[in-house]
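# Fold and geometry: a report
Now for the letters of each chain:
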Amino acid sequence: MRKFAKFVGASLKMTYREKVALFWMFLFPVLLMLLLGTIFGRTGSASITLGVADLDNSQVTGVITKRLDGISAFHVTRGSEAALRKQLNDGKLNAILVLNKGFQESLFTHKPGQATIYVDKSSPTVSQITSTALNQVMGEIGIGMAKQAIPNAIGPSDVIKVTEKSVTSSDLRYVDFIVPGVVALTLMTSGMFGLSIAFVNYREKGILRRIKVSPLPLRRFIGSELVSALIMTLIQAAILLLIGWSVFKIHINGNWFYIAFVIILGAACFLAGGFLVASLCRTQKTAEMATNAITFPMMFLSGVFFPLAILPAFLAFIAKCLPLYYLGDALRKVMIQGKSLINVSGDLAVIAAVGLVCFAAAVKLFRWE
Amino acid sequence: MPAIQVTDLHKNYGDVKAVDGVSFEVEDKEIFGILGPNGAGKTTTLEIIETLREADSGEIFLDGMDVRRDARKIKEIIGVQLQTTVFFDNLSVYETIDLFGSFYKTALTPDELLETVGLKEKRGNRLNELSGGQHKRVSIALALVNDPRIVFLDEPTTGLDPQVRRNIWEIVQSLREHEKTVVITSHYIEEAEFLCDRVAVMDYGKIIATGTPNELIDRYSPESNISFTMTPGVDTSVLEKVPGAMQVVASNGGYTITTNSPQETLIGIFTAAYENDAKADDVAMKRASLEDVFLKITGRRIKE
């Protein structure tokens, strides 16, 4: 065990001292995430999409809705409460204003009219702006009406009483989408590159042959290489999650144990893939080309950057043939949507199967020289 | 029991008989050389013994253990320096030796080994900062890391300049004091003559002669060459009558006589000079070398 740890330690040390590799392993994914998150993740939209359901359908409520239409900060959609609630849940609206039945009636009896706003809390900044803006607008309308339409009113705050309720839509923000995607992508690239290049390099230099004439068993050699690569990958994933959480405020709703499980399984799967490339390729050059040929299409076709829904059907089909799609999907569901491992068992099965097949083939085809 | 016993080893690569019926024994604590030109099959033979390759047929015993059956145990008691140098990027000399030591049940400390190969001052350097000769020394240190009974050195001085080669020779000589059995391959004649107790001469996958360097020379190329000048010059026919003279060659004022009995021939040369009123000078005698042995047996020089 101590000897195993020594080899793992030596491998880690070697990786740590390889500054170019460190850049690709740590800085690149972070930059990628920051870039994509900043470009596409901007959520402070110019206008707030507001659904208005007028249940009272009275003269007074008519005036209010008309006023709302005139405010440029709001993009108003009318509809039934049920229809609007559905749109809110789907993330198509930022908030709904419901003017309750009996609104006008209350005012005539010198009571405030009842209104409810539902605000989507899934993006904190937007919900805060929405809520502030709505309350302010309603207040202003109230003051206006207190002066003109309802002279009997006691004070402006008594005109409209707003009850705020929050809703979390099932829609993912792009940042929520991109962070698990970049983590999955990183697990793939560092897994594929981590082992394949090192192994082929060792073979080309004759290090593998030198190891072969020592009593070190093959399984211990491969095992320690795998473990050290796995450790590096987990550190990478942790850094990415930390940035996603601190910079982009992604909602990690999932169970940490599940998240770790999916990450380790995904890393192991792609390490096995890299190991297979190492067994198949003779030179470092061919190994690099093969790894690029495998990782590049996966990077763009697996739906880690964009939801499959926006891809043409045949590309979506291709994505579903690639293991990275399943890792991205599982990671997203477990991390953001808080699903359990059972919910993503299909994804996990695909990842595990690909990993096992690659590993078995790699061991079978392994060459010392 | 000999340290190494090789019997009728064969290894073919397609139609090429890389090793073609090789048999030899290496005694305990002996420095044994396998000498031959590039492509003679030296490295292949060595790698089969080292458990790196499998023979098509033949038997090998190391310390009485069968290479095919006891490979694992054998790996604990042998130390191997391969032709390719071991070179982990980003590990220091110390760390590399330390790491390889961890592959064995018992290992010497990196500092002891660096002392042996005279590389103490490079202990903290990365391997890519070392010269070719220092590299070779690291790979020799790695071959000694498990304090092996038998050490295999595959062309340890190829590509090194003469001074550095001398340094490596000293290290190999010192292994004698550590009571190691050493097998060394080389295509440098001087190296085999200088280092080895016994030498096997190999060509085209076969061992064509085995013995101590002196034995081989006595057996295959016992002649000595005596070169000298004579003023004034004499006709070569005079020198051909000198006792023991087998061949006389004249070239720019000098002569070379090849002889089997140098003492008689030397006396004969001076007698001939006296009788012809000439003066013999610059007399030098050179014994045959393993190079001549190789030339004699194969009709070729060892290095083309």
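### Topic: the overall build of chain A
Scanning chain A from N- to C-terminus turns up 14 helices and five strands. On C-alpha atoms alone, chain A measures out to a radius of gyration of 28 Å, which is more than a quarter above the 21 Å that the 2.2 N^0.38 rule sets for 369 residues. Based on the C-alpha atoms only, the size of chain A along its principal axes is roughly 100 × 40 × 30 Å. By the burial criterion, 49% of the 369 residues in chain A qualify as buried. Taking as baseline every contact in chain A between residues at least 6 positions apart, the subset at least 24 positions apart corresponds to 79%. Accessible surface, chain A: about 17,200 Å² in total, of which carbon and sulfur atoms supply 65%.

### Section: the overall build of chain B
Scanning chain B from N- to C-terminus turns up eleven helices and 14 strands. Taken across its 304 residues, chain B has 52% of its residues classed as buried. Roughly 13,500 Å² of accessible area belongs to chain B as shown, and the carbon and sulfur atoms make up 47% of that amount.

### Here we look at the pairing of strand 1 (residues 4–13) of chain B
Taken residue by residue, a regular strand's side chains alternate between the two faces of the sheet. Residue and element names in this part refer to chain B. Relative to strand 4 (residues 57–62), strand 1 runs antiparallel, the two being bridged by five bridges. Looking at the pairing, H10 lines up with S57 of strand 4. Sheet topology note: the strand 1/strand 2 (residues 16–26) ladder contains eight bridges and is antiparallel. Looking at the pairing, K11 lines up with V19 of strand 2. Joining the antiparallel neighbours strand 1 and strand 2 is a turn of two residues, in which G14 adopts a positive phi near 65 degrees.

### Focus: the sheet that holds strand 6 (residues 78–81) of chain B
Residue and element names in this part refer to chain B. Strand order in this open sheet of six strands is 6-7-8-3-9-10, and the pairing throughout is mixed. Across the chains shown, the open sheet's two edge strands, defined by having one partner strand only, are strand 6 and strand 10 (206–211). Averaged over all pairs of adjacent strands, the angle between their axes in this sheet comes to 15 degrees, without regard to strand direction. Across five bridges, strand 7 (residues 150–154) lies against strand 8 (residues 181–186) in parallel orientation. Pairing of F152 across the sheet is with V183, part of strand 8. With respect to the sheet, helix 5 (residues 132–143) is in contact with strand 6 and strand 7, its orientation differing from that of strand 6 by roughly 165 degrees.

### Observations concerning the pattern of salt bridges
Evaluation of the coordinates by the stated rule reveals 25 salt bridges over all chains. For E95 of chain B, the salt bridge is made with R17 of chain A, and the minimal N-O distance between the two is 2.7 Å. Placement of the pair is E95 of chain B in helix 3 (residues 93–101) and R17 of chain A in helix 1 (residues 2–17), with the two residues belonging to separate chains. Between R53 of chain B and E47 of chain B there is a salt bridge; the shortest N-O distance is 2.6 Å. Several salt bridges converge on common partners, so that one network encompasses D28, K29, D63 and R149 of chain B.

### A few points about helix 1 (residues 42–49) of chain B
Residues and elements named next belong to chain B. With respect to burial, helix 1 is a largely interior element, seven of its eight residues being buried. Taken as a whole, helix 1 has its buried residues at K42, T44, T45, L46, E47, I48 and I49. Of the residues flanking the end of helix 1, it is T51, one or two places downstream, whose phi is positive at about 75 degrees.

### Describing the sheet that holds strand 12 (residues 245–251) of chain B
Picture the strands of a sheet paired through backbone hydrogen bonds; they go either parallel or antiparallel. All names here are of chain B. One open sheet accounts for four strands, arranged 12-13-11-14; its pairing is antiparallel. Pairing within the sheet leaves two strands with one partner each, and these edge strands are strand 12 and strand 14 (279–287). Each neighbouring strand pair of the sheet contributes to a mean axis angle of 20 degrees, computed without reference to strand direction. Strand contacts of helix 10 (residues 262–275): strand 11 (224–231), strand 12, strand 13 (254–259) and strand 14, with the helix running at about 10 degrees to strand 11, the strand carrying the most contacts.

### What to know about the packing of aromatic side chains
Scanning the model with the defined rule gives 20 aromatic pairs over all chains in all. Three or more aromatic residues joined by ring pairs make a cluster, and in this case those are F7, F199, Y202, F221, F275, F359, F366 and W368 of chain A together with F88, F100 and F103 of chain B. Between the NZ or CZ atom of R85 of chain A and the centre of the ring of Y118 of chain A, over which it lies, the distance is 4.1 Å. Here the guanidinium or amino end of R165 of chain B rests over the ring plane of Y188 of chain B, the centre of that ring lying 3.7 Å away.

### What to know about the environment of E25 of chain B
Residues and elements named next belong to chain B. By the secondary structure assignment, E25 is in strand 2. Relative accessible area serves as the criterion here: at 34%, E25 is assigned to the partly exposed category. Spatially, the C-alpha atom of E25 lies 30 Å from that of P162, the residues being 137 residues apart in sequence. Residues in contact with E25, not counting those within four places in the same chain, are P2, I4, Q5, E30, F32 and R198. Within polar-contact distance, the side chain of E25 engages the side chain of Q5 at 3.3 Å.

### Focus: the packing of helix 1 of chain A against helix 3 of chain B
Two numbers describe how helix 1 of chain A lies on helix 3 of chain B: the axes approach to 10 Å, and their chain directions differ by 150 degrees. Between helix 1 of chain A and helix 3 of chain B, the angle falls in the class roughly antiparallel. You can see that helix 1 of chain A and helix 3 of chain B cross each other, and the crossing is left-handed. In contact with K6, F7, A10, K13 and R17 of chain A of helix 1 of chain A, helix 3 of chain B contributes E95, D98 and L99 of chain B. The residue inventory of the contact of helix 1 of chain A with helix 3 of chain B, partitioned by class, reads three nonpolar, no polar and five charged.

### Points about the interface of chain A and chain B
Between chain A and chain B, the residue contacts involve 24 residues of the former and 30 residues of the latter. Taken together, the two surfaces of chain A and chain B that pack against each other cover about 2,700 Å², and 55% of this comes from carbon and sulfur. On the chain A side of the interface with chain B, the three residues burying the most area are R210, V213 and P215 of chain A, jointly 28% of the side's total. Counting the contacts that link chain A with chain B gives four salt bridges. With a shortest N-O distance of 2.5 Å, R209 of chain A and E47 of chain B are connected by a salt bridge.

### A few points about the side chain of T265 of chain B
Residue position: T265 of chain B is located in helix 10. Given a relative accessible area of 0%, T265 of chain B falls into the buried group.

### Digging into the nonpolar core
Core analysis: the biggest nonpolar cluster contains 126 residues, and I211, F221, F305, L324 and M335 of chain A together with F88 and L290 of chain B have the highest contact counts within it. For this core, the element with the highest residue contribution is helix 7 (residues 174–205) of chain A, accounting for 17 residues. Setting aside chain neighbours within four positions, we find F221 of chain A in contact with F7, F199, Y202, L208, I211 and L216 of chain A.

### A short note on a nonpolar patch on the surface
On the surface, V20, F23, W24, L27, F28 and L31 of chain A cluster together to form a nonpolar patch covering roughly 580 Å² of accessible area. Along the polypeptide, W24 of chain A turns up in helix 2 (residues 19–40).

### Considerations on the confidence of the model for chain B
Mean pLDDT for chain B: 90, with 99% of residues reaching 70 or above. With pTM at 0.74, the complex prediction returns an ipTM value of 0.81.

The rules behind these values
- Residues numbered from 1 in each chain as written.
- Chains lettered and ligands numbered in written order.
- Predicted model: local features only at pLDDT ≥ 70, side-chain atom pairs only at ≥ 80, totals over all residues.
- Heavy atoms only, no water.
- Helix = DSSP H or I, 4+ residues; strand = E, 2+ residues; numbered from the N terminus.
- Rg over C-alpha atoms; globule rule 2.2 N^0.38 Å.
- Buried < 20%, exposed > 50% of the residue type's maximum accessible area, 1.4 Å probe, protein only.
- Contact = heavy atoms within 4.5 Å.
- Areas by Shrake-Rupley, 256 points an atom, 1.4 Å probe, with all protein chains shown as cover.
- Pairing = 2+ DSSP bridges.
- Axes fitted to C-alpha atoms, helices over the stretch in contact; angles between N-to-C directions.
- Salt bridge = Lys/Arg side-chain N within 4 Å of Asp/Glu carboxyl O.
- Phe/Tyr/Trp six-rings, centres within 6.5 Å; stacked < 30°, edge-to-face > 60°.
- Lys NZ or Arg CZ within 6 Å of the ring centre and 35° of its normal.
- Polar contact = N/O pair within 3.5 Å; in protein donor to acceptor, adjacent residues only side chain to side chain.
- Parallel < 35°, antiparallel > 145°, perpendicular 65-115°, else oblique.
- Left-handed = near helix turned anticlockwise from the far one by under 90°.
- Nonpolar A, V, L, I, M, F, W, Y, C, P; charged D, E, K, R; others polar.
- Buried area = accessible area lost by both parts, 1.4 Å probe.
- Core = buried A, V, L, I, M, F, W, Y, C linked by side-chain atoms within 4.5 Å.
- Patch = residues over 30% accessible without salt bridge, like charges linked within 9 Å, V, L, I, M, F, W, Y side chains within 5 Å.
- pLDDT = per-residue confidence, 0-100.

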